[in-house]
Amino acid sequence: MKKFIGGVICGIVLSISMTSFATNEVIACLFPSKIMIHIGDTVKEINAGGDPIINYNNRVYIPLKSFSNAMGSYVTYQAPSASTENLNKIDVYVVGEKDFPIQDPDGYVSLNIINIKSTNDPSNAKEVSGLIRINKNMNDKFIEIIPIDNTGKEMSTIAFPVIIDDELFQGLNIGNIRTFSVEMNYEGEPSSYKIKLSDRNTIGSFYGAVGYGSTDPTGFFFGGIDSTKTLSISKDRWMDNFSLSVINHLEKNITFKPLNVEYQIVQVKDGKDNLIGTYNVSIPEIIIPGRSMYGIDIPVWNFKDKNGNTISAGKYAAQIKLPTYFEYYIEGSNEVIRQTASEYVNCRRFEFNVDQ
C-alpha cells in the first residue's frame, strides 16, 4: 500500500494549498475506494478526482469538497488572514430544493441570493452574492441577474459579469452548486431578482464597424486587461474578462469555418511558464458581414487554479494558442481559403502582476 505524507488531518479532508511543517506531518496510506452515497432512491458515487482518499489509523479520510459535491452541498476555502482569526476558513453550504427560489424561465439555473452589500466603489455599486445551482447544460450560456421593483418591473441597472466560482477552468456541470457574485449599480431597493440567459456567442459577441486601413482580409483580435496594472487577489477578487474576435476587413461577407482556440493562464517564474489552467474558446461556423467583427467573451478568472486553489502572488500571463491554420470563404465563391493563424493575430499574450 502506498504511503502518503500530509499535513494535520481533521475529519473529512478538504484539498487545499497549505504549508506543511515537520512537527505536524502525519504518514497515511493511499486507500483506493469506490464510495457510493445513498440518498433515498438516488445513488451517487464520490468522484475525488486527483485528491486521494487515504487511510490513517484505520480511519478513511475523504476530501471534503468531493464528499460535499456528492451530497449536493458546496465548500469554499479562505486562507488564514486577520478576518479569519488567522485560521484556515472553510464554509460548507448545505442546501435543499426550497433554497433556490429564483430560476430562469427555461430552468437552466436556480439562485439563492444570500448577501447584498455596498462596495467601496464611488458609484455606490452593490455586490450581490449567493449560491447558483446548474440544472441543465450550460455550454456557451451567459447569465444576467436583473433586479425587480415592487411593481414587477425590471429596474434600470448597470451590471458587471456574473462571477461563478471555478467556471473558467472547471466548467459548469449539471448538478453543480457554486458560489456566485455580481456587482450592480441601481437606484432604490429591489423586491426580487430574475435571471436571463442568452447564448454567450450572442451576448458576448458583437458585429461592429472596423476601421479601414488593413490589407489583410481577415484576422484575430485578442485583448482584455491593462497589463501595466497590478491586480490584487483580496481587493479585485477577479480579473476582467478577455475576448477573442475575428475581424473581416473585406467589403463582402465571409463565412468563417469552425475553429477551437485554447485560452491559458500561466504563472511566469524563473523565465518559464507554469500552466495554471485552460479554457476552450469554440468559434462556430459564422457569417461575418463586410467590415465587421465577431467576438466571444471569455469567462472571468477569479485567481484560482484548475483545482480550485487560490494562486500565490507573482507574475502571470493570459494567452491564446491558435491552431496552425484557419479557413474561410468569401461571399460569391465556394473556394475555401486557408491561412496561417499566427500571421494574422494582433496579440497573443498579456503579462501582469498579482499581489495578495
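Now for a quick tour of the structure.

The rules we used
- Residues numbered from 1 in each chain as written.
- Predicted model: local features only at pLDDT ≥ 70, side-chain atom pairs only at ≥ 80, totals over all residues.
- Heavy atoms only, no water.
- Buried < 20%, exposed > 50% of the residue type's maximum accessible area, 1.4 Å probe, protein only.
- Helix = DSSP H or I, 4+ residues; strand = E, 2+ residues; numbered from the N terminus.
- Pairing = 2+ DSSP bridges.
- Phe/Tyr/Trp six-rings, centres within 6.5 Å; stacked < 30°, edge-to-face > 60°.
- Lys NZ or Arg CZ within 6 Å of the ring centre and 35° of its normal.

## Considerations on the pairing of strand 12 (residues 141-148)
Two faces make up the sheet, and in a regular strand the side chains alternate between them. Of all the eight residues making up strand 12, seven are buried; the element is thus mostly covered by neighbouring parts of the structure. Both strand 12 and strand 16 (residues 192-199) contribute to a ladder of eight bridges, which runs antiparallel. From the neighbouring strand, Lys141 faces strand 16, where its bridge partner is Asp199.

## Some remarks on unusual backbone geometry
Backbone geometry at Asp166 places phi at a positive 65°, although glycine is not the residue there. Take Asp166: it is sitting in the loop between strand 14 (163-164) and helix 2 (167-170). In this structure, Phe303 is a non-glycine residue whose phi angle is positive, near 60°. Structurally, Phe303 can be placed in the loop between strand 24 (292-297) and strand 25 (314-321). For Phe303, a relative accessible area of 0% corresponds to the buried category.

## Observations concerning the packing of aromatic side chains
Where two aromatic rings form a pair, the distance of their centres and the angle of their planes describe that pair. Evaluation of the coordinates by the stated rule reveals 13 aromatic pairs. Centre to centre, the rings of Phe222 and Phe242 are 5.0 Å apart; their planes meet at 20°, and the pair counts as stacked. You can see Phe222 sitting in strand 17 (residues 218-223) and its partner Phe242 sitting in the loop between strand 18 (231-232) and strand 19 (243-248), a full 20 residues away along the chain. The same class applies to Phe222 as to Phe242, namely buried. In this structure an aromatic cluster arises from ring pairing among Phe220, Phe256, Phe326 and Tyr328. One cation-aromatic arrangement involves Lys126 over Tyr186; the distance from NZ or CZ to the ring centre is 4.9 Å. The positively charged end of Arg338 is found above the aromatic ring belonging to Tyr325, 4.7 Å away from the centroid.

Keep in mind that these numbers describe shape and distance, not what the molecule does.
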